[in-house]
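# Notes for the structure review
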Amino acid sequence: MFGISYFLENGDIDLNDIISDPEIVTTQDFIYGKFINNYRKDDFEEKITALIVQIIYCLEEIYNRQLSTGSITSVSNLFKTDKKYRELIVRHTLQNLNMPYHKGQFDSCIEIFKR
């Protein structure tokens, strides 16, 4: 999810494109550059912590939903395949983080990934 956040912050990929076709993350070229080194403000720790919390919250929600429907039986089942990663984790996490309530904080947090 950090890699996808890096893509988004640097305009390498569009959020709505990923949501509509999560397969795009497997074909997108990674444009290498400094990773986190360009961020100079003194709130790095707060932003990375907030981003981790947001992502974990989304993962927990996905897990609980899949568990309650019987689609998975354990945490490892959720992370077992690339397809589940793309179709469930990436799509749901980005949809959730794109909601107005989360969008501002998410956008603020991923500033740390600017090249």
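What you see is a predicted model; the values in this text were computed from it and never measured.

## Notes on the overall build of the protein
Looking only at helices and strands, the protein features seven helices and zero strands. For the protein, the α and β elements follow one another from N to C terminus as α-α-α-α-α-α-α. Along the longest, intermediate and shortest principal axes, the C-alpha atoms of the protein span 45 × 30 × 25 Å. Looking at the 115 residues of the protein, the share that counts as buried comes to 38%. For the protein, restricting intrachain contacts to residue pairs at least 6 apart in sequence, the fraction spanning at least 24 positions comes to 70%. About 6,800 Å² of surface is accessible on the protein, with carbon and sulfur atoms providing 53% of the total. Of the charged side chains in the protein, 13 are positive and 17 negative; the average position of the first set lies 3 Å away from that of the second.

## Details of the confidence of the model for the protein
Confidence in the prediction of the protein, expressed as mean pLDDT, is 88, and 97% of residues score 70 or more. When pLDDT is averaged over each helix and strand of the protein, the minimum, 83, is found for helix α3 (residues 24–27) and the maximum, 93, for helix α4 (residues 44–68).

## Thoughts on the nonpolar core
Counting 30 residues, the largest nonpolar core has M1, I4, L8, I18, L51, L94 and F106 as the members making the most contacts within it. Counting only elements with at least two residues in this core, the list comes to α1 (2–9), α2 (15–20), α4, α6 (82–97) and α7 (100–109). The dominant element in this core, judged by the number of residues it contributes, is α4, at eight residues.

## A word on α4
Here α4 is 25 residues long and its end C-alpha atoms lie 36 Å apart, about the 36 Å a rise of 1.5 Å per residue gives. Of the positions making up α4, those classed as buried are K47, I48, A50, L51, Q54, I55, C58, L59, I62, Y63 and Q66. Close packing links the buried residues of α4 with α1, α5 (75–78), α6 and α7. Residue G70 follows α4 closely and has a positive phi angle near 80 degrees.

What counts as what
- Residues numbered from 1 in each chain as written.
- Predicted model: local features only at pLDDT ≥ 70, side-chain atom pairs only at ≥ 80, totals over all residues.
- Heavy atoms only, no water.
- Helix = DSSP H or I, 4+ residues; strand = E, 2+ residues; numbered from the N terminus.
- Buried < 20%, exposed > 50% of the residue type's maximum accessible area, 1.4 Å probe, protein only.
- Contact = heavy atoms within 4.5 Å.
- Areas by Shrake-Rupley, 256 points an atom, 1.4 Å probe, with all protein chains shown as cover.
- Lys, Arg positive; Asp, Glu negative; His and termini not counted.
- Charge placed at Lys NZ, Arg CZ, Asp CG, Glu CD.
- pLDDT = per-residue confidence, 0-100.
- Core = buried A, V, L, I, M, F, W, Y, C linked by side-chain atoms within 4.5 Å.
- Expected span 1.5 Å × (residues − 1).

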